[in-house]
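Summary of structural features
In case you want the letters, here they are:
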Amino acid sequence: MIKVSVVVPVYNPGPDLDDLVRSLLGQSLPPDAYEAIFVDDGSTDGTGERLDALAAEHAVLRVRHIPNSGWPGRPRNVGTDMARGEFVYYVDNDDWLGPEALERLYDRAVADGADVVMGKVVGHGKFVARELFEVNRSRVSLAWEPLVRLLSPHKLFRRAFLAEHGIRFPEGRRRLEDHVFVMQAYFAAGDRISILADYGCYHWVLRGKETNASWNRMDPAGYYANLREVLDIVAANTAPGRDRDRLLAHWYRAKVLGRMDGAVFLRRDRDYNREIYDAVRRVTLERFAPAVDRFLPFGLRMRSHLLRAGDLEGIYALAAFEAGLRARVRVTELRGGPGAIEVGLEGRLRGEGARLVYRRDSERLLWEPPKALRERLAGADLDATASVPRGHVQALVRSVSDETEHLLPVEARVRLDEGDAGLITPVVVATARLEPATAAAGRPLASAEWQLVVPVRVGGFHGTAMTVKRVLPGGTETRRAPLTFKVGADGALERPSWARRHLSGRAPGLARAIRRASRGARGAGGR
């Protein structure tokens, strides 16, 4: 019985195909339990002949050659029609899989009775929404807001489910074909969707222009015509009101307002930015009512106000302010306990040339925009009272070798520091818990070197700290540097080089804390 059919659209991948082939041939499922179907979309670099040779050598590989279609929709459909597995898993030709990916995904689907399983995606130069993979989840539906934050097709789908609902990829040269496919599947699946978070299944790699069609310069008019098709699917499956607006806010945030984001927007030439601006303003006025803005972070509400007002120069001024914001994080103390280390953190956002500050207006906290934006935002709602207290930091560990990330549990609160002229700076005070035996979404951390990464979000703005300062006994601070540590082959946390001095005079010694955490990891069967 074939459990999983892996469907791979292929076009001129060159040597980037090697990692995928190795990972497919190295799967933990028995060779008679899965197949990998490569659909060669008219490659001209010799890949077709190489695939034929590989298929002749390995029975688990199958190949079909088709005339070039110019986009992955048709080869994915051809591969789905060829599939014999109970489930299909869509993989791109320049990515790769964890060795246990297919086995774990299949077992999860069967155990949950799921029609769709999203396995943990590890981004290599690609951003992946971290909230998606905090813990394993069953019976997920579109009522869970993070589900729409990753609409790439790299998921496991029950083949009979796709056939029953006639779900196929749009074909031809077009954008967002994966959004059309995945959203149709999500609406049809209801709550029969699962999240597998405790194992890196799919390694999603940023490649160069020559191997990735999405690198081609976006034609704004065509792109937003394709976006309207996705929005039509949402409209056809929801009633007007809060639930629809909440879903629409995802595309408004990511595909409309996201095109005018900070440093990226500033780097593009002005003529092209004008094309994008004209296209996104048209689709905004047509498809995104002002009621959608209530689901946006405060900073994006400011960008939306400028867009709806037709103020392109104001958007440039806001982008310059956002591009200058930096996350600044201090490690203030460290406490050790059985099987865990708790790290005290303070995070804030600081701008270059303009501060992120607020002022009190009775019971309200109002954002104090930089001088370049004050007149342009004169009619905007600057009330950030609800946004500032929800400020938070995420603490995550990132593998130095393969960039796998795991979120750590964090407790946080916002402290308001009052400064000159009564202006208020929010500081997020947090405690992160590192437990090697469970830090990989409930499983032990793999033996590797890990780095602490701290995204900071406060008042609707955000930044990420890759380096931190450490507060030593007596209040002195170190220079900013990466904070790394190693997990040994036995699952124990090894003493890092920076552990020669305590982080806090009130805390137990770091060496003692690490010894206690390591004993807990060993006792929990860490690997």
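Summary of the structure given here. (Residues numbered from 1 in each chain as written. Predicted model: local features only at pLDDT ≥ 70, side-chain atom pairs only at ≥ 80, totals over all residues. Heavy atoms only, no water.)

**Some words on the overall build of the protein chain**
The number of helices and strands found in the protein chain is 14 helices and 23 strands. A globule of 527 residues ought to have a C-alpha radius of gyration of about 24 Å, and the protein chain, at 25 Å, matches this closely. Projecting the C-alpha coordinates of the protein chain onto the three principal axes gives extents of approximately 70 × 60 × 40 Å. For the protein chain, the residues scored as buried account for 56% of the 527 residues in total. (Helix = DSSP H or I, 4+ residues; strand = E, 2+ residues; numbered from the N terminus. Rg over C-alpha atoms; globule rule 2.2 N^0.38 Å. Buried < 20%, exposed > 50% of the residue type's maximum accessible area, 1.4 Å probe, protein only.)

**Section: the pattern of salt bridges**
Tallied over the entire structure, the rule returns 40 salt bridges. Two residues, Asp115 and Arg158, come together in a salt bridge whose shortest N-O distance is 3.0 Å. Of this pair, Asp115 sits in the loop between helix H4 (101-112) and strand S6 (116-124) while Arg158 is found in strand S8 (residues 156-158), placing the two residues 43 residues apart along the sequence. Notably, a salt bridge pairs Asp417 with Arg415, separated by 2.9 Å at the nearest N-O pair. The partly exposed category is assigned to Asp417, whose relative accessible area is 25%. Salt bridges sharing common partners tie together Arg330, Glu346, Arg415, Asp417, Lys469 and Glu477. (Salt bridge = Lys/Arg side-chain N within 4 Å of Asp/Glu carboxyl O.)

**Here's the deal with the nonpolar core**
In a soluble, globular protein the nonpolar side chains are often hidden away together inside. Phe38, Tyr89, Tyr186, Leu345 and Trp367 are the most contacted members of the largest nonpolar core, which has 158 residues in total. Residue contributions to this core peak at eight residues, all from strand S9 (residues 193-205). Setting aside anything within four residues of it in sequence, one finds Trp367 in contact with Phe298, Met302, Leu318, Phe321, Leu356, Val357, Tyr358, Leu373, Leu377, Leu382 and Phe461. (Core = buried A, V, L, I, M, F, W, Y, C linked by side-chain atoms within 4.5 Å. Contact = heavy atoms within 4.5 Å.)

**Side note on the packing of helix H10 (residues 270-287) against helix H12 (residues 312-323)**
It is at 12 Å that the axes of H10 and H12 come closest, and there the two elements cross at 110°. Comparing the axis directions of H10 and H12 gives the class roughly perpendicular. Of the two possible hands of crossing, H10 and H12 adopt the one that is right-handed. Between H10 and H12, the residues in contact are Arg270, Asn273, Arg274 and Tyr277 and Leu312, Glu313, Ile315 and Tyr316, respectively. (Axes fitted to C-alpha atoms, helices over the stretch in contact; angles between N-to-C directions. Parallel < 35°, antiparallel > 145°, perpendicular 65-115°, else oblique. Left-handed = near helix turned anticlockwise from the far one by under 90°.)

**Here we look at H10**
Its 18 residues place the ends of H10 25 Å apart at the C-alpha level, agreeing with the 26 Å of an ideal helix rising 1.5 Å per residue. Three or more residues of H10 are buried, namely Tyr272, Asn273, Ile276, Tyr277, Ala279, Val280, Val283 and Thr284. Where H10 is buried, its residues meet helix H7 (220-237), helix H8 (242-256), helix H9 (262-267), helix H11 (298-308) and H12. (Expected span 1.5 Å × (residues − 1).)

**Structural notes on the packing of aromatic side chains**
Applying the stated rule across the entire model yields 15 aromatic pairs. With a centroid separation of 5.8 Å and an interplanar angle of 85°, the aromatic rings of Phe87 and Tyr106 are classed as edge-to-face. Here Tyr106 lies in helix H4 and Phe87 lies in strand S4 (residues 87-90), a separation of 19 residues in the sequence. We classify Phe87 as buried; its relative accessible area is 0%. Between the aromatic rings of Phe157 and Phe181, the centroid separation amounts to 5.2 Å while the plane-to-plane angle is 85°, which identifies the pairing as edge-to-face. Taken together, the residues Phe157 in strand S8 and Phe181 in helix H6 (residues 177-189) connect sequence positions 24 residues apart. In this structure Phe157 comes out as buried when scored by relative accessible area, which is 0%. Clustering of aromatic rings is evident, with ring pairs tying together Tyr90, Phe157, Phe169 and Phe181. One Lys or Arg, Arg76, reaches over the ring of Phe169 and ends 5.0 Å from the middle of that ring. Positioned above the aromatic ring of Tyr223 is the side chain of Arg259, whose terminal nitrogen or guanidinium carbon lies 4.6 Å from the ring centre. (Phe/Tyr/Trp six-rings, centres within 6.5 Å; stacked < 30°, edge-to-face > 60°. Lys NZ or Arg CZ within 6 Å of the ring centre and 35° of its normal.)

**Observations regarding the side chain of Arg228**
As for its placement among the helices and strands, Arg228 is situated in helix H7. In this view, Arg228 contacts Arg282, Val283, Glu286 and Arg287; residues no more than four positions away in its chain are not counted.

**Thoughts on unusual backbone geometry**
Backbone geometry places Asn12, a non-glycine residue, at a positive phi of 45°. For Asn12, a relative accessible area of 16% translates into the label buried. We note that Ser362 has phi near 60°; this positive angle belongs to a residue other than glycine. Here Ser362 falls in the exposed class, since its relative accessible area comes to 64%.

**Some thoughts on H7**
The end-to-end C-alpha separation of H7 is 26 Å, in line with the 26 Å expected for 18 residues at 1.5 Å each. Those residues of H7 not exposed but buried are Pro220, Tyr223, Tyr224, Asn226, Leu227, Arg228, Val230, Leu231, Ile233 and Val234. Check the buried side of H7 and you find it contacts H6, H8 and H10.

**Things to note about the environment of Arg348**
Position of Arg348 relative to the elements: it lies in strand S11 (residues 340-350). For Arg348, a relative accessible area of 16% gives the class buried. Put simply, Arg348 and Arg330 are 18 residues apart on the chain and 9.2 Å apart in space, counted from C-alpha to C-alpha. Each residue touching Arg348, except ones within four places of it in the same chain, is listed here: Arg326, Ala327, Arg328, Arg415, Asp417, Pro426, Val427 and Val456.

**Some words on the environment of Trp450**
When you line up the elements, Trp450 lands in strand S19 (residues 448-458). Separated by 280 residues in sequence, Trp450 and Pro170 have C-alpha atoms that sit 41 Å apart. With near-sequence residues (within four places) excluded, Trp450 lies in contact with Val397, Arg398, Ser399, Val400, Thr404, His406, Leu445, Leu483, Thr484, Phe485 and Val487. Among the polar contacts made by the side chain of Trp450, one reaches the main-chain carbonyl oxygen of Ala446 at a distance of 3.2 Å. (Polar contact = N/O pair within 3.5 Å; in protein donor to acceptor, adjacent residues only side chain to side chain.)

Note that every value here comes from positions in space, so none of it alone points to a role or purpose.
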